[in-house]
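Reading the structure
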Amino acid sequence: GAGVSQSPSNKVTEKGKDVELRCDPISGHTALYWYRQRLGQGLEFLIYFQGNSAPDKSGLPSDRFSAERTGESVSTLTIQRTQQEDSAVYLCASSLGVAYEKLFFGSGTQLSVL
Amino acid sequence: RKEVEQDPGPFNVPEGATVAFNCTYSNSASQSFFWYRQDCRKEPKLLMSVYSSGNEDGRFTAQLNRASQYISLLIRDSKLSDSATYLCVVKGSGNTPLVFGKGTRLSVIA
């Protein structure tokens, strides 16, 4: 597709389980972001990949959160031992790179931890 | 102090009204500034960039005051379709991520 694709669109899990969220950025986009948005709240920066540079992980809230990116393509956000406070929409966005700051967002993964 | 602060609103205005949103940022080294729009239960989308000289796009005008670290968005002749949350977004220099404010909610009422 032409846009940023995220899967699954919805994920319901039990407290303590691990989850993996996937993001397929727009082809050719070197920058990839993960944000979290709790209900009624703003976007919370999690992690940022830019080309082959070391990712900026400064927004990850705990060591239960990790993310990987394969080259300049797919990224996976992993949350281990999920907690109820992890419930949120997880948004992925990509852009052409540092000098191109128009972000294209995916439609997000709604995560519900019971 | 939060990096990007906005009045959360909501702003409830009648059709045709003019409404202004304000945003302040804490990092004086910030280089780029934007307004994004987010509709209910949708992803954010870029509305416009904000330049030091100010810029206008139809009914929308954005202004930047670097000395005061202040950004504004003015919407003239509000339409029902303008109802959304408006996000102020700031970027530092170099290889730094975009930082989003929490957004200001606008409801335009018939």
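See above for the structure.
Residues numbered from 1 in each chain as written. Chains lettered and ligands numbered in written order. Predicted model: local features only at pLDDT ≥ 70, side-chain atom pairs only at ≥ 80, totals over all residues. Heavy atoms only, no water.

**Let's talk about the environment of B:Asn22**
All names here are of chain B. Operational definition: Helix and strand assignments follow DSSP, with helices taken as H or I runs no shorter than four residues and strands as E runs no shorter than two, numbered in order from the N terminus. Only protein chains enter the accessibility calculation, which uses a 1.4 Å probe; a residue whose area is less than 20% of its type maximum is buried, one above 50% is exposed, and one in between is partly exposed. Residues count as neighbours in contact if any of their non-hydrogen atoms are within 4.5 Å of one another. Distance and chemistry together define a polar contact, namely a pair of N or O atoms within 3.5 Å, with one atom able to donate a hydrogen and the other to accept it when in protein, and with adjacent residues in sequence counting only for side-chain atoms on both sides.
Along the chain, the position of Asn-22 falls in strand S3 (residues 19-25). Residue classification places Asn-22 among the partly exposed positions, given a relative accessible area of 37%. Between the alpha carbons of Asn-22 and Cys-88 there is a distance of 8.5 Å; along the sequence they are 66 residues apart. Not counting residues within four places of it along the chain, the set of residues in contact with Asn-22 comprises Glu-5, Gln-6, Asp-7, Trp-35, Tyr-70, Ile-71 and Ser-72. At 2.7 Å, the side chain of Asn-22 and the side chain of Tyr-70 are in polar contact.

**What to know about the sheet that holds strand S1 (residues 4-6) of chain B**
All names here are of chain B. The condition that has to hold: Pairing between strands is defined by DSSP: at least two bridges between them are needed. Axis angles are defined between N-to-C directions and span 0 to 180 degrees, where every axis is a line fitted to C-alpha atoms and, for a helix, only to the segment in contact.
Read from one edge of the open sheet, five strands run S1-S3-S8-S7-S6, paired in antiparallel fashion. Strands at the two margins of the open sheet, each flanked by one partner only, are S1 and strand S6 (55-57). The sheet shows a mean angle of 20° between the axes of neighbouring strands, direction not considered. Two elements, S6 and strand S7 (residues 60-65), share three bridges in a ladder whose sense is antiparallel. Within S7, the position partnered with Glu-56 by the bridge is Thr-61.

**Structural notes on the packing of aromatic side chains**
What counts, and what does not: Stacked, tilted and edge-to-face are the three classes assigned to paired rings of Phe, Tyr and Trp, where Trp is represented by its six-membered ring and a pair needs centres within 6.5 Å; plane angles under 30 degrees give stacked, over 60 edge-to-face, the rest tilted.
In this structure the tally under the stated criterion is eleven aromatic pairs over all chains. The interplanar angle of 45° and the centroid separation of 6.1 Å between the aromatic rings of A:Tyr35 and A:Phe105 together place this pair among those described as tilted. Residue A:Tyr35 is located in strand S4 (residues 31-37), and its partner A:Phe105 is located in strand S9 (residues 104-105); the two are separated by 70 residues in the primary sequence. A:Phe105 shares its class with A:Tyr35; the two are buried. Judged by centre distance (5.9 Å) and plane angle (80°), the ring pair of A:Phe105 and B:Phe100 falls under edge-to-face. Here A:Phe105 is found in strand S9, whereas its partner B:Phe100 is found in strand S10 (residues 98-100) on a different chain. Of the residues examined, B:Phe100 reaches a relative accessible area of 7% and is grouped as buried. Each member of the aromatic cluster is reached from another via a ring pair, and the members are A:Tyr33, A:Tyr35, A:Phe45, A:Tyr48, A:Phe105, B:Tyr36 and B:Phe100.

**Here we look at the side chain of B:Arg37**
Residue and element names in this part refer to chain B. Within the fold, Arg-37 resides in strand S4 (residues 32-38). Of note is the side chain of Arg-37, whose polar atom sits 3.4 Å from the backbone oxygen of Ser-83. Sequence-distant contacts of Arg-37, defined by excluding residues within four places in its chain, comprise Glu-43, Pro-44, Lys-45, Leu-47, Ser-81, Asp-82, Ser-83, Ala-84, Thr-85 and Tyr-86.

Just distances and angles here, no functional claims.
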